[in-house]
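Listed here are the chains, written in short residue letters.
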Amino acid sequence: MRGRVLVAALIAIVLVVLAGAAVFAYSTGQTAAQHAAAQQQLESVRQRNNAVRDSLTDPGLQAEFRNINSLQEARTAMGDYRAKLGGAIKTVENKLAELRQERDRLRAASRNPLLFTNRQELDRDRTRVEAATDAFESAEQFLTIADNHAKVSNAILAAVLEIDNINAYVEANNVSGAAALVPQLKQQLQSTATAAQGVNSPPPMRALIDALSRFAADMEQALAALQSNDNAALARLEPGFRADVDAVNKAFDAQAINAAIHQQLDPYRVRYQAEMQKAGFTTTV
């Protein structure tokens, strides 16, 4: 009887040892796989860092606007810049989706009691991937806001071009042709103002849109007075119209608009830099 008990005990011990070895092997294999996947994602982040970093700086836009000689060229350059932003946004969004999946897998692994081998290595991977994810989230927010600003700026340029077209009709003594363009201009400015509110455009940009909208409304009245040869109405409208022109010139302050945009966007750039450093990458954004 004692022999049987001893054999049973030995078998139980062997089974425990085998089970323990199996669990250890499972843990080792799984943590190694998790580590390899994390390293692959981090290497991909490293490869994309320079491109993302460059998209968070101004030289791209400055290059597009170098040697601009007309409003139409400026609008074309802004469109080209938006196309580049669109490519950068797509790159960041695609990588961000992968990083979020890897982050969630690593977080789940850190809560798994069966994954007990190489725990410190796995925790380091999770910390780095979390930081990289935060960095790319900041880049996505930066680029999305910048693209919205570029979209509104392009609409403003389109409105100014339309005003230029109206002035050309007036200078050619074609008042009817000029007046016919104003309703379209007013609608365009209304749509631009709505878009600017929706994307939280900086106050100086919204002030410019408001000034252009008042100018367009008063210009419509002035053109109507011209068409009807109503000199009294023209005299009454002249002070307000001149004030509108002064307001537009004052609001067309590229330096103030640029400063406001920087104030809005710079925190995302700074956060990108800080989180990339936490992830183990050097950046000079």
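**Student:** Sorry, what's going on with unusual backbone geometry here?
**Tutor:** It is generally the case that most residues other than glycine have a negative phi and that most peptide bonds are trans. Its identity as a non-glycine residue notwithstanding, N173 has a phi of 60 degrees, on the positive side. Structurally, N173 can be placed in the loop between α4 (119-171) and α5 (175-198). Despite not being glycine, N229 has its phi angle at roughly 55 degrees, a positive value. On the secondary structure map, N229 appears in the loop between α6 (203-227) and α7 (231-251). According to the relative accessible area criterion, N229 is exposed, its value standing at 63%.

**Student:** Just checking my understanding: could you explain the packing of α5 against α6 for this structure?
**Tutor:** Packed helix pairs are characterised by how far apart their axes lie and by the angle those axes make with each other. Across the interface, α5 lies against α6 with an axial gap of 9 Å and an inter-helix angle of 160 degrees. Considered as vectors, α5 and α6 are oriented roughly antiparallel to each other. For the element pair α5 and α6, the recorded crossing hand is left-handed. In terms of residue class, the contact of α5 with α6 is built from 15 nonpolar, five polar and three charged.

**Student:** Teacher, can you tell me more about the side chain of S153 here?
**Tutor:** If you trace the backbone, S153 turns up in helix α4. Those residues in contact with S153 that sit more than four places away from it in its chain are M78 and M205.

**Student:** It is not clear to me how α5 should be interpreted in this structure. Could you clarify?
**Tutor:** In an α-helix there are 3.6 residues to a turn, and that puts residues three or four apart on one side. Here α5 contains 24 residues, and its C-alpha end-to-end distance of 35 Å stays within 8% of the 34 Å for a straight helix at 1.5 Å per residue. Those residues of α5 not exposed but buried are G177, A178, A179, L181, V182, L185, L189, T192, A193 and A196. Positive phi shows up at N200, right after α5, with a value of about 55 degrees.

**Student:** In this structure, what is going on with the nonpolar core? I would like to understand it.
**Tutor:** General note: in soluble globular proteins, nonpolar side chains tend to be found buried as a group. Counting residues in each nonpolar core, the largest one holds 60 residues, and the members touching the most others are F136, L143, I156, I166, L185, L212 and Y272. Within the residue set of this core, elements represented by two or more residues are α1 (2-55), α3 (71-110), α4, α5, α6, α7 and α8 (254-278).

**Student:** Got a minute to help me understand the packing of α6 against α7 in this structure?
**Tutor:** Between α6 and α7, the shortest axis-to-axis distance is 9 Å and the interhelical angle comes to 155 degrees. Relative to α7, the element α6 lies roughly antiparallel. The way α6 lies across α7 gives a crossing that is left-handed. Across the contact of α6 with α7, the residue classes break down as 18 nonpolar, two polar and three charged.

Definitions and limits used
- Residues numbered from 1 in each chain as written.
- Predicted model: local features only at pLDDT ≥ 70, side-chain atom pairs only at ≥ 80, totals over all residues.
- Heavy atoms only, no water.
- Helix = DSSP H or I, 4+ residues; strand = E, 2+ residues; numbered from the N terminus.
- Buried < 20%, exposed > 50% of the residue type's maximum accessible area, 1.4 Å probe, protein only.
- Axes fitted to C-alpha atoms, helices over the stretch in contact; angles between N-to-C directions.
- Parallel < 35°, antiparallel > 145°, perpendicular 65-115°, else oblique.
- Left-handed = near helix turned anticlockwise from the far one by under 90°.
- Nonpolar A, V, L, I, M, F, W, Y, C, P; charged D, E, K, R; others polar.
- Contact = heavy atoms within 4.5 Å.
- Expected span 1.5 Å × (residues − 1).
- Core = buried A, V, L, I, M, F, W, Y, C linked by side-chain atoms within 4.5 Å.

Coordinates in, geometry out; function isn't part of it.
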